[in-house]
Amino acid sequence: MTRTIARIALAAAGLALLPGFAQAQKNAPNNDITAQAEQVFRSSFRADNPKYWMTRLDQDEAMRLCSQYRDNPPAKLRAQIEKAQMATIRYPVEGKLIGDWKEGEKLAAVGTGGHIGFIQPDPPGRLRGGNCYACHQLAKKEVAYGTIGPSLHHFGKLRGTSDEIVKYTYDKIYNSNAFTACTNMPRFGLHSWLTPEQITHIVAFLVDPESPVNKD
Ligand code: HEC
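Keep in mind the model is a prediction, meaning the values are calculated, not measured. (Residues numbered from 1 in each chain as written. Predicted model: local features only at pLDDT ≥ 70, side-chain atom pairs only at ≥ 80, totals over all residues. Heavy atoms only, no water.)

A. Highlighting the coordination of the iron atom of the ligand. Coordination of the iron atom of the ligand by the protein is provided by His-136 (NE2) and Met-185 (SD), with metal-donor distances spanning 2.0 to 2.2 Å. Around the iron atom of the ligand sit six donor atoms; with metal-centred angles ranging over 84 to 178°, the donor geometry is octahedral. Taken together, the residues span a long stretch of sequence, with His-136 in the loop between α6 (101–109) and α7 (155–159) and Met-185 in the loop between α8 (163–174) and α9 (196–207) at a distance of 49 residues. Overall, His-136 belongs to the buried group, its relative accessible area being 11%. (Donors = N, O, S within 2.8 Å, 3.2 Å for Na, K, Ca; no water. Tetrahedral: all angles 85-135°; square planar, octahedral: opposite > 155°, others 65-115°. Helix = DSSP H or I, 4+ residues; strand = E, 2+ residues; numbered from the N terminus. Buried < 20%, exposed > 50% of the residue type's maximum accessible area, 1.4 Å probe, protein only.)

Spelled out as structure tokens, the structure:
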């Protein structure tokens, strides 16, 4: 029992020693816990590339509204957010929305690049990817996947390859909030995380009948 208390005390002392925490405690008004939390959060981000990291802390309109309504805005507002997000979508110059599934397979699996702790631009040779397996099942052979998002195994087999489906898949990856106002899925195209061409490769990985996503 005493040992547990000692451990908690030690942990609390450790937290207070963090420079950001101490700073935030000193600056924030005591009665405003939200402002304190915001300050601790901000001070935990690295400041050596303010243009990249610090701007990621500023919410855009969609994020602000989703926070305000705890991801459940009234229907009218939801439609408004989705419409505004839809208007951000850009397409590859040649207009072709299906690329090469083999390229897409690589991009979907890569989970490195641009993580907190790396300074932009990414080191040469580091491939940025969609890290899709963090949230989705895709090809059957990859057994380590997250379940925050629905399984996309057999996505093309079930939905087909009509122009409509291909465009939906492209748009969803480019800016998922265009369909689900307050989704957990990142806006890969909007934030230039994936280029339009890279997105076309991932679209192919999802819909091409030859892709492992659509095999057993
Ligand atoms: C942080 C988690 C997360 C990541 C990473 C993520 N997604 Fe999602 N995705 C979701 C969630 C949650 C949904 C369901 C809610 C929604 O539709 O937004 C979803 C929905 C989808 C859908 C719509 C499925 C349908 O039934 O119509 C597609 C397609 C999709 N994701 C593709 C991808 C691809 C491709 C990647 C990688 C480039 C990816 N996602 C990365 C969380 C994620």
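Now that the structure has been shown, the text picks up again.
B. Broad picture of unusual backbone geometry. Unlike most non-glycine residues, Asp-71 shows phi in positive territory, near 65°. Mapping Asp-71 onto the fold places it in the loop between α4 (61–68) and α5 (75–86). The class of Asp-71 is partly exposed, set by a relative accessible area of 45%. The backbone of Asn-131 shows a phi angle near 55°, a positive value even though the residue is not glycine. The residue Asn-131 is located in the loop between α6 and α7 in this model.

C. Summary view of the site of the ligand. In the neighbourhood of the ligand, 20 residues make up the surrounding shell, with Cys-132, Cys-135, His-136, Tyr-168 and Met-185 lying closest. With respect to the ligand, the side chain of His-136 contributes an N or O atom lying 2.8 Å from a nitrogen atom. Within the side chain of Tyr-168, a nitrogen or oxygen atom sits 2.4 Å from an oxygen atom of the ligand. In terms of residues, the shell around the ligand owes the most to one element, α8, which gives three residues. Along the lines of polarity and charge, the residues of the shell around the ligand split into eleven nonpolar, seven polar and two charged. (Near = heavy atom within 4 Å. Polar contact = N/O pair within 3.5 Å; in protein donor to acceptor, adjacent residues only side chain to side chain. Nonpolar A, V, L, I, M, F, W, Y, C, P; charged D, E, K, R; others polar.)

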